[in-house]
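Remarks on the overall topology
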Amino acid sequence: MNNKRRIWLWMSILVTFAMVLSSCAAPSTPQAQPVATEQPTAETGQAVTTEAPQPVATEEPTQAVSEPKVLIARLPKDIGNLDPAFIVGSEDDTVDRAVMEGLIRYTPDGKTANQLVESITPAEDGLSIDFKLREGIQWQRGYGELTTEDVKFSYERFIDPNLDAVYKDDFASLDHVEIINKYEGKIILKEPQATLWTTTLPMTSGLIVCKKFVEEVGMEKFKTDIVGTGPYMLKEWKPKERVVLTRNPDYWGEQPYYDEIQLIPIDDDKVAEVALEAGEVDFSLVSLASVDRFQSDPAYHVDLTPTNNYSWIAMNVENPKLQDINVRKAILYGIDVPSILTATYMGKAPQARALIPPGNLGYWEDAPLYERDVTKAKEYLAKAGLTSLDLNLAVNDVTEFRTWAEIVQQNLAEVGININILPLDSSTYWDLGIGDKGKDVELVAMNFSAMPDPAWFTMWFTCDQVGVWNWMRWCNQRFDELHKLGIKTMDPAEREKIYIEMQQLWDADAITVWITNQPLAYVSKATVQPAMYPGGLCPMLRDFKATE
Amino acid sequence: MLAYLIKRFFMTIAVLLIVMTFLSLLVHIVPGDPARTLLGPRASPELIQKIRSAMDLDKPAYVQVGNFLWKVIHGDLGTDVFTGVSINRLVSAALPHTIILALASLGLAVLIGIPLGVFSATHPNSWLDRVTAILSISLTTIPSYVAGLFLLLIFAVQLKIMPAIGLGKDGNLKDYIMHLILPTIALAITWIGYLARLVRTSLLEVLNETYIRAARASGLSGRLVQYKYALKNALIPTVAVLGVGLGSLMGGAVLVEVIFNRPGMGTLIYNAIKARNYPVVRAGVLIVACLFVFVNFLTDLIYTYLDPRIQLGKQQR
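Conventions used here
Residues numbered from 1 in each chain as written. Chains lettered and ligands numbered in written order. Predicted model: local features only at pLDDT ≥ 70, side-chain atom pairs only at ≥ 80, totals over all residues. Heavy atoms only, no water. Helix = DSSP H or I, 4+ residues; strand = E, 2+ residues; numbered from the N terminus. Contact = heavy atoms within 4.5 Å. Patch = residues over 30% accessible without salt bridge, like charges linked within 9 Å, V, L, I, M, F, W, Y side chains within 5 Å. Areas by Shrake-Rupley, 256 points an atom, 1.4 Å probe, with all protein chains shown as cover. Salt bridge = Lys/Arg side-chain N within 4 Å of Asp/Glu carboxyl O. 1 Å grid on protein atoms, 1.4 Å probe; cavity = no way out; pocket = protein on both sides within 12 Å on 5 of 7 lines; lining within 4 Å. Points joined across faces, edges and corners; volume = space filled by probe spheres on them. Buried < 20%, exposed > 50% of the residue type's maximum accessible area, 1.4 Å probe, protein only. Pairing = 2+ DSSP bridges. Disulfide = S-S within 2.5 Å. Axes fitted to C-alpha atoms, helices over the stretch in contact; angles between N-to-C directions.

1. What to know about the environment of Asp269 of chain A
Residue and element names in this part refer to chain A. Within the secondary structure, Asp269 sits in helix 6 (residues 269-277). Separated by 76 residues in the primary sequence, Asp269 and Gln193 have C-alpha atoms spaced 38 Å apart. Look past the residues within four positions of Asp269 in its chain and what remains in contact with it is Arg74, Leu285, Val286 and Ser287.

Next comes the structure, spelled out in structure tokens:
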């Protein structure tokens, strides 16, 4: 009896000890240590290519007398790598852009504006860009003043072959950055690059990193610990638990509204919705199926953000079953896309008609809309010399794509095409079209997202992307030529023509059934006024405010 | 006893080796490239190869197992190639939360399930016994994730009297316990019903044994006979089930941790599998396997206290 008591006693002590330990001694990184610095006197710059923001001197926050303003927001998953040259997902973008800043930025209304520069001017031949930094901008945690050395380091590391940055293509045309003096520099390019102004300089790849800090902490630490010049500092990261951003007291520009932002990684949409309803999260991405529920409750504010996501059913033109364009047209006319949209997105997603969605340069307004026509579909199948056909449709095994697949299966059965649905887990799915095994793919439900530049839509479908991301295995030399031309062309009107022609080439070969540009539904408490990057890429935390 | 411990130690090593080899082979069988998942669509083939090499994925299974075990012996579970964070740190942050959840659930199941079972066995065929039977079977059939969702919707969303997700504020034990209550109930609910049925059956069986009848005939009080002599023996199969059950609770904890967004071993392994983050999967499974083996060993030891006739390491006559 005594022994049994002893066992229980020890077990109780162990459990209590573990509980105290886990609640009190949770490991975390890093602790931001703000160092008092002089507040710079920001002067309004001479914006040349973009609008200049007006840095506004703000009052010191009165935290001593008022409750700190804390925003709790959901991250769809934990951060992966905060190094701008190697980010893994939009969660990294979200954190990076709250802490770090670029020479220029996107504002909440989708325009570009100067950020760290007083002025930035491209040369007429598009082969160089002159810039002048605002003076007196300090790095967080006492790493000194921002200089052109930091700009040179930040950009040239992308093209350093030893680093082999994942996003080196963002600076594909960069030759080097020339330092004129502490605040003035020149970006030297090998050839003009239109995307530099739309998706490189104002986005994550264009963020300026602190040379001294990166060299001090090394690449491994830099994955999860960053220092910037932005309005928030990375205070703490507890893996799988939370990321905490705290206001940078020495920020050179307008102070953000919230004193602290806690980002909670919640993988599952439904769990996030429960957390919103329980009042434990102030802002979250939710499923489209839940939009009506939140919209009917005045306690919440719902933003249906149009995005640059594009979804389609891809047809592998190298597969013998799909080589005949008549078979592909039979599929195109056999599928009822509006039914897919109603069943999957509760009618909240628009029907896509071509590669580039509305709101982007290169949007093809007159793109054809293929309505379901079973008779026509059967005629095309007959033209191909077939009365019936068996095809596999591979889908990422989530509710959205399974729903698509079931409707496609029913639709095409009426045409005489029997669809075998292959639901695959995420990692298996994303490996499906890689290399030679991609030749076996028949139909596949796909969904990509893109940055706000047409080149971002077309880059995955060139000939050299066959077996990489071009799972239709469609190769068109003219399409490739136009893609290269589109990147070099600086005139927006010319670029527009190029990208419309590219979409016409695509359409002529009937290689896809376009489904939708799926909007994202963000729900916040009615007291929160969120802000998003163009294309719904990620929340713009620095511009979140309280509603009036 | 010493011979038993040595035998058990080598068995544990064998079990862990089999688990590790199986996991290493699985990497080659299961489709999906972790390096591509990690680096995204724009990484160069050279960089993808570098990451594969960092994960030992380009080496044969026996080399992977060997390298991993060599590191483990030196107290190093490896590095998460996604974030560059030490896996020791990830595991040490997640493990206590899962152990606490599993033990709290087991404790709750024992606290409610055993008295329910005893009550049923001591009042056989009464209407209360029938009610208890219906209740126990109903609880057994409720999966933990269903219970979890209902508990969340009722207590966190509707009534707003319990917290919904996470672990609570750092350093606040009361808040931590509040965040533990709903997941504990969700995970324990199946086991409450199961234990109640198990204890009822074993206790009824023991109560019909001759030595119990003899004890009663000798004039010992009913309570003394039921609780000191009958229940002690009736609990032996329950302890065996609890030993194995802790493993199943760890499995159930995966779903409960996902629903309640608790950063425990379940979510750590689940997310790592989804991302094909094999170093984390390997380390996580190793820790869970070690725990499972340890709990089974502990169960064996508890047997000897409950039934002195069982002598570990000796042949039963």
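Once you've had a look at it, read on.
2. A word on a nonpolar patch on the surface
A contiguous nonpolar surface patch, about 680 Å² in accessible area, is contributed by Leu2, Leu5, Ile6, Phe9, Phe10, Ile13 and Leu17 of chain B. Tracing the sequence through the fold places Phe10 of chain B in helix 1 (residues 2-29).

3. Observations concerning empty space enclosed by the protein
All names here are of chain A. A full pass over the atoms with the stated rule returns seven cavities of 30 Å³ or more. Of the voids in this model, the largest cavity is the one considered here, and its volume is about 150 Å³. Around the largest cavity sit 16 residues that line it, and Leu332, Tyr370, Thr512, Val513 and Trp514 are the ones nearest its centre. Elements supplying a minimum of two residues to the lining of the largest cavity: helix 15 (492-508) and strand 17 (512-516). By residue number, the principal contributor to the lining of the largest cavity is strand 17, which donates three residues.

4. Things to note about the pairing of strand 8 (residues 232-238) of chain A
All names here are of chain A. The buried fraction of strand 8 amounts to six of the seven residues, a majority that puts the element mostly inside the structure. Pairing of strand 8 with strand 9 (residues 242-247) involves six bridges; the strand directions are antiparallel. For Lys238, the partnering residue across the bridge sits in strand 9 and is Arg242. From the end of strand 8 to the start of strand 9, which pair antiparallel, there are three residues, and Lys240 there has a positive phi angle of about 65 degrees.

5. Focus on the state of the cysteines
Residue and element names in this part refer to chain A. All chains considered together, the criterion is met by one disulfide over all chains. Linked covalently through their sulfurs, Cys463 and Cys475 form a disulfide whose S-S length is 2.0 Å. Since a negative S-S torsion denotes a left-handed disulfide, the Cys463-Cys475 link at about 95 degrees is right-handed. Pair noted here: Cys463 is in the loop between helix 13 (454-458) and helix 14 (477-488) and Cys475 is in the loop between helix 13 and helix 14, with a separation of 12 residues, a long-range link.

6. Overview of the sheet that holds strand 7 (residues 184-189) of chain A
Residues and elements named next belong to chain A. Ordered in space as 4-5-7-6, the four strands form an open sheet in which the pairing is antiparallel. One side of each edge strand has no neighbouring strand; the edge strands of this open sheet are strand 4 (117-122) and strand 6 (174-179). On average, adjacent strands in this sheet sit at an angle of 15 degrees to one another, irrespective of strand direction. Those strands touched by helix 3 (residues 148-156) are strand 5 (128-133), strand 6 and strand 7, and its axis lies near 170 degrees from that of strand 6.

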